[in-house]
Amino acid sequence: MIFWILAGWVGFAVLPWYGVEDGFFSFDWVFDGYPMDRDYAPAAFLLAQGKNLWLAPMVFALLAPLLVLRLKKSDPRYGAILLAVGAAGLAWLMAQGLAIGIRGWTTDWLGLAFGPLDSRQYGMGYGALLTASAFLFLFTQGLAARGAINGDVFVVSAITGVIAIVAIFVFFPIAKLMTAAFIGDDGSISILSFLAKFGDRRIWGLGCFSGGRCGAAWNSFFLAIIVATITTTMGLVFALVVTRSGFKYKRLLRALTVLPIITPPFVIGLAIILLFGLSGSITGFFADVFGVQPTRWVYGLPGIVIAQSLAYTPIAFLVLIGVVEGVSPSMEEAAQTLRASRWEVFKTVSLPLMRPGLANAFLLGFIESMADFGNPLVLGGNYDVLSTEIFFAIVGAQYDQGRAAILAIVLLSFTLGAFYAQRFWLGRKSYTTVSGKGDSGVHPAMPRGLAIPTFAIATIWGLFTVVIYGMIFYGSVVEVWGMNHELTFKHYVTAFSFRFEDSGIRWSGSAWDSFWTTIKIATIAAPLTAAIGLITAYLLTRQNFAGRNAFEFGTMLSFAIPGTVIGVSYILAFNVPPVEITGTGVILVVCFIFRNMPVGVRAGIASMSQLDKSLDESSLTLGANSWQTFRGVVLPLLRPAILAALVYSFVRAMTAISAVIFLVSAEYDMATSYIIGRVENNDYGLAIAYSTTLIFVMLSAVLLLQLLVGKIRIGRRGAGREKE
């Protein structure tokens, strides 16, 4: 408690209360008028100068905890005072932050109620952040003192902390997005304005059924259905080849599934242009052999379907391979014993038991297709989809935040609708096939009528994937694709050249700024994502508390929200006080943390479910508290979960585009947005060279993380072998 009292005073009286424009950690503000300059002054110095008097009530909230220093924790007044102080301090800080912005009062009715306000305030800085944290954790100290969750301070603080950050960085932006959709042209809230924008024919038009063009909503929906169907089918095909056949090159097949996952999402689209564009290899071949006039058929629905199917089939495969392997062989053998043919066994026993995996794979394919921004931007042509329409509504000449919010709500409605449709389709049926009994059976091979087309499809698809990645590399080492195929490394030199000077290395390549920024942002975000995800998983698996299901839903919500929606909602929420971080590196880190946190949560839950709770109980019995138990007992046994969370969050931060494209700035440009810029300028060679470099960097990072985290070692057998 003393720590948080001191932290509150440091935030209030030492650190700049508002955000420092040139960067807090440059520390230039220390020599630029601190602590008296209003832009850098702590709250205490602002009050001493008679400025920002609305901060004064927090002085009393910071003084009040001193009253409990002489009280015992068992004293009822101890918890009551801390609860009151924490709640009052947080409430006042939030109220004044939302009420007063960079133009004074944020709403007209406040001005009418309290009169005009000459002063103003910017977004909260590290001083306000530290003080808010102090109030929050003083509140949790009070909750624990009053007996919440057996008085465990660590558990109460962890639950409250996770709820707070999810509320700020998930629920608050979505709420701002919903509100923006109802704001009319005159700035007032209008349901009629919402209905007019929501019913726009450009969104819902059905002209495609009469020879015209469909609206972006139906285009996105039809595209997502097609892609989800293809990716689910292909994922099942690959899973059957790996698990139900004697295929010799299973490791190669698994390696092919990794490549699209660590590939920037629009790079496959570029490779398809190199193959099927007007100057593409295959287009040119058919034009020469058959005298066919090259066309732009690849730009539109066909091209997007091919690109997205290639990109998202590996995700379906990773989902389905565990489900296919998890079908109990004894059930299939029982059906064969009853004289069912292999085809009947597959159709009536195996396939129905795979329904959860098929549903999840379809859902992921649907959401990924809906949220994809890069491939439709590269290959879309005149085929409008919601993700690109949202982008142009924000960054285009129209700059229509209301339209962007409407489009984002439509997109979110489709994804949430797919989520609930999946749950309805699965229903409450039981798909359990693995019990505590041993099962030494062997999965039957695929029926011949299924094996032949499955192998044919898998072979064609695998070869096509190899060709695609061959084109990606080849396209990066030729002068101009389709015109001059002379081999050259000039694209790599342009992007990543450097030279040695007296002052050190000069990174003269045009891509270095975005490259180092991306590495830095991903490196910061990955461990934070893993930490928050694993702590959340610990709370969900090891603690029972009221509202646990709602808590889990809140932490998983960001996974169901497409990145495009997240990007728009972050702009609307964090472009103005009280949290004003648009254009900074902080907003990129925060975005990656909460976009990728669910993976850390699910990986942690899967690993912790295998750890007997008696381990925790033994530690607690020996006098350790929950934090010491988590740090010293549970965490060392979670290396696979830590690795999964680190790898996934790092790779996604390196390759993300749908949310990032809205949040980058001139100072904080990311690799994917830089590549998109090169594509828009038709500089395909440089874009592909940069993308190829990223693929190799991410492969190296995955191997390095695996080496650093290491493998989990249980028992003496592994150690004994090492000594030998």
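Counting of residues starts from 1 at the beginning of each chain's written sequence and follows it residue by residue. For a predicted model such as this one, the threshold for reporting local features is a pLDDT of at least 70, and the threshold for listing and counting side-chain atom pairs is 80 or more; totals across whole chains, interfaces and linings nevertheless cover every residue. Side-chain measures were taken over the full set of non-hydrogen atoms in the model, leaving aside hydrogen atoms and water.

Caption draft 1: Inspection of the packing of aromatic side chains at higher detail. Stacked, tilted and edge-to-face are the three classes assigned to paired rings of Phe, Tyr and Trp, where Trp is represented by its six-membered ring and a pair needs centres within 6.5 Å; plane angles under 30 degrees give stacked, over 60 edge-to-face, the rest tilted. Within this structure, the stated rule accounts for 48 aromatic pairs. Aromatic side chains W507 and W516 sit 5.4 Å apart centroid to centroid with 70° between the ring planes, which places their arrangement in the edge-to-face category. Exposure classes here rest on a 1.4 Å probe applied to the protein chains alone. A residue is buried below 20% of its type maximum, exposed above 50%, and partly exposed in between. For W507, a relative accessible area of 39% gives the class partly exposed. A relative accessible area of 39% places W516 in the partly exposed class. Among the aromatic residues, ring-to-ring pairing joins F182, F194, F198, W204, W218, F221, F222, F366 and F414 into one connected group. The criterion for a charge sitting over a ring is simple: Lys NZ or Arg CZ within 6 Å of the ring centre, and within 35 degrees of the ring normal. The lysine or arginine in question, R296, covers the ring of Y299, its NZ or CZ lying 4.4 Å from the ring centre.

Caption draft 2: Representation of the confidence of the model for the protein chain. Residue-level confidence of the predictor, termed pLDDT, takes values from 0 up to 100. Looking at the protein chain, pLDDT values average 84 and 93% of them are 70 or higher. Throughout, a contact is declared for two residues whenever any of their heavy atoms are within 4.5 Å. For the stretch residues 430-439, pLDDT sits under 50, and the model shows 14 contacts to residues farther than four places along the chain or on other chains. Segment residues 711-724: pLDDT under 50, and five contacts once partners within four positions in sequence are set aside and those in other chains are kept.

Caption draft 3: The side chain of S569, seen in detail. Numbering goes from the N terminus for both helices and strands, where a helix is a DSSP run of H or I of at least four residues and a strand is a run of E of at least two. With respect to the helices, strands and loops of the structure, S569 is situated in helix α25 (residues 563-574). Throughout this description, a polar contact denotes any pair of N or O atoms lying within 3.5 Å of each other; where both atoms belong to protein, one of them has to be capable of donating a hydrogen while the other can accept it, and for residues adjacent in sequence the pair is counted only when both atoms sit in side chains. A polar contact is formed between the side chain of S569 and the backbone oxygen of I566, at a distance of 2.9 Å. For S569, the residues in contact, after removing those within four places along its chain, are P173, I174 and L177.

Caption draft 4: Looking closely at a negative patch on the surface. Taken together, the side chains of E21, D22, D28, D32, D37, D39 and E667 define an acidic patch exposed on the protein surface. Here E667 lies in the loop between α30 (660-663) and α31 (671-680). Only residues whose relative accessible area exceeds 30% and that take part in no salt bridge are eligible for patches, with like-charged residues grouped when within 9 Å of each other and nonpolar side chains (Val, Leu, Ile, Met, Phe, Trp, Tyr) grouped when within 5 Å. In this description, accessible areas are obtained by the Shrake-Rupley approach with a 1.4 Å probe, and a residue is regarded as covered only by the protein chains that are shown. A pair is scored as a salt bridge if a Lys or Arg side-chain nitrogen falls within 4 Å of a carboxyl oxygen belonging to Asp or Glu. Within this scheme the basic residues Lys and Arg register as positive and the acidic residues Asp and Glu register as negative, but His and the chain ends are omitted. Charge positions are represented by NZ for Lys, CZ for Arg, CG for Asp and CD for Glu.

Caption draft 5: Spatial organisation of a nonpolar patch on the surface. On the surface, F25, F27, V30, F31, Y126, L129 and V586 cluster together to form a nonpolar patch covering roughly 710 Å² of accessible area. Within the secondary structure layout, F31 lies in the loop between α1 (2-13) and α2 (43-48).

Caption draft 6: Structural view of helix α7 (residues 153-180). In a regular helix each residue adds 1.5 Å, so 28 residues correspond to 40 Å; α7 covers 39 Å between its end C-alpha atoms and thus fits that length. A bend of about 40° at A167 is the largest found in α7. Take the residue count of a helix, subtract one, and multiply by 1.5 Å to get its expected span. Note on bend: at a given residue it equals the angle between the axes fitted to the 7 residues ending there and to the 7 starting there.

Caption draft 7: Inspection of the pattern of salt bridges at higher detail. Inspection of every chain in the model, using the stated rule, returns 10 salt bridges. Salt-bridge contacts for D616 lead to R542; the nearest nitrogen and oxygen are separated by 3.1 Å. Of this pair, D616 sits in helix α27 (residues 614-621) while R542 is found in helix α23 (residues 512-542), placing the two residues 74 residues apart along the sequence. In this structure D616 comes out as buried when scored by relative accessible area, which is 8%. Connected through salt bridges with shared partners, the residues D200, R202, E389 and R403 form a single ionic network.

Caption draft 8: View of the environment of G554. Following the sequence through the fold, G554 ends up in helix α24 (residues 548-560). Exposure remark for G554: the relative accessible area of 7% places this residue in the buried category. The sequence separation of G554 and I163 amounts to 391 residues, and the corresponding C-alpha distance is 8.1 Å. Those residues in contact with G554, other than ones at most four positions away along the chain, are V166 and F171.

Caption draft 9: Region of the structure containing the side chain of S369. For S369, the position within the fold is in helix α17 (residues 355-371). One polar contact links S369 to Q308, side chain to side chain, over a distance of 2.6 Å. In this view, S369 contacts L223, A224, V227, Q308 and Y312; residues no more than four positions away in its chain are not counted.

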